[in-house]
Amino acid sequence: MTSPDRRTAPARSHVEEFLRSHEADRIPHPGGTLLDHLTRVAARLADWGTDSAVQVAGLCHAAYGTDGFDGALLTLDERATLVDLLGERAEAVVYLYASCDRSAVYPRLGRDEAPLFHDRFTGEDHTPPEEDLRAFLAITAANELDVFVHNAELAARYGPGLYELLSRSRTLLPPTAWRDWQDWQDRFHRQNRSN
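Residues numbered from 1 in each chain as written. Predicted model: local features only at pLDDT ≥ 70, side-chain atom pairs only at ≥ 80, totals over all residues. Heavy atoms only, no water.

### Quick notes on the side chain of Ser99
Next, step 1: Within the secondary structure, Ser99 is located in helix α5 (residues 88–99).
Next, step 2: For Ser99, a relative accessible area of 2% puts it in the buried group.
Next, step 3: Looking at Ser99, its side chain comes within polar contact range of the main-chain oxygen of Leu96, at 3.3 Å.
Next, step 4: Setting aside chain neighbours within four positions, we find Ser99 in contact with His118, Asp119, Arg120 and Phe121. (Helix = DSSP H or I, 4+ residues; strand = E, 2+ residues; numbered from the N terminus. Buried < 20%, exposed > 50% of the residue type's maximum accessible area, 1.4 Å probe, protein only. Polar contact = N/O pair within 3.5 Å; in protein donor to acceptor, adjacent residues only side chain to side chain. Contact = heavy atoms within 4.5 Å.)

Next comes the structure, spelled out in structure tokens:
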């Protein structure tokens, strides 16, 4: 059998059914349910022209929970399940995103040429390859933009810091991602001036 890494990406409907079977459609999240959020993130990544592995990683980016969202759909002992569904590359990106200790990593992004990532699950540090760093940043940008569009309180609290982080890292983002973030920043400032 050919692994998902050596053939076309798994059908999105198949991945969405997997997410439904793990109740992502029942978990509240800004803008509806977690599944609603995940599908919007994957669609934004597609609009930004990321490759299919990054798009399906975006669709499953919360499978193991994240540093900002505790609800995990799978345990780390079930990583093989996600590898079988998505392929090794996409699952590795999901793991990188989920394992990121944001308080340790975010200050390094855009400042260190090869930023050290701290794995919040294992406590170990590593430097991801640039391809994975680009995928991580694209998913971060798509995820946070979707959250901020659907939750003004979180946007006010975390938006300026995320914008600054992405500004420092913009050479690693798809150009359309950075333009969307600039547009969001402009709208955010206009709304705050009018309030």
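### As for the packing of aromatic side chains
Next, step 1: This model, assessed by the stated rule, comprises nine aromatic pairs.
Next, step 2: Here Tyr97 and Phe136 contribute two aromatic rings whose centre-to-centre distance is 5.6 Å and whose plane-to-plane angle is 45 degrees, an arrangement assigned as tilted. Here Phe136 lies in helix α7 (residues 130–150) and Tyr97 lies in helix α5, a separation of 39 residues in the sequence. Here Tyr97 matches Phe136 in class, with each residue buried.
Next, step 3: One aromatic cluster in this structure is built from Phe148, Trp181, Trp184 and Phe188.
Next, step 4: Of note, Arg79 hangs over the ring of Tyr95, and the distance from its end group to the ring centre comes to 3.9 Å. (Phe/Tyr/Trp six-rings, centres within 6.5 Å; stacked < 30°, edge-to-face > 60°. Lys NZ or Arg CZ within 6 Å of the ring centre and 35° of its normal.)

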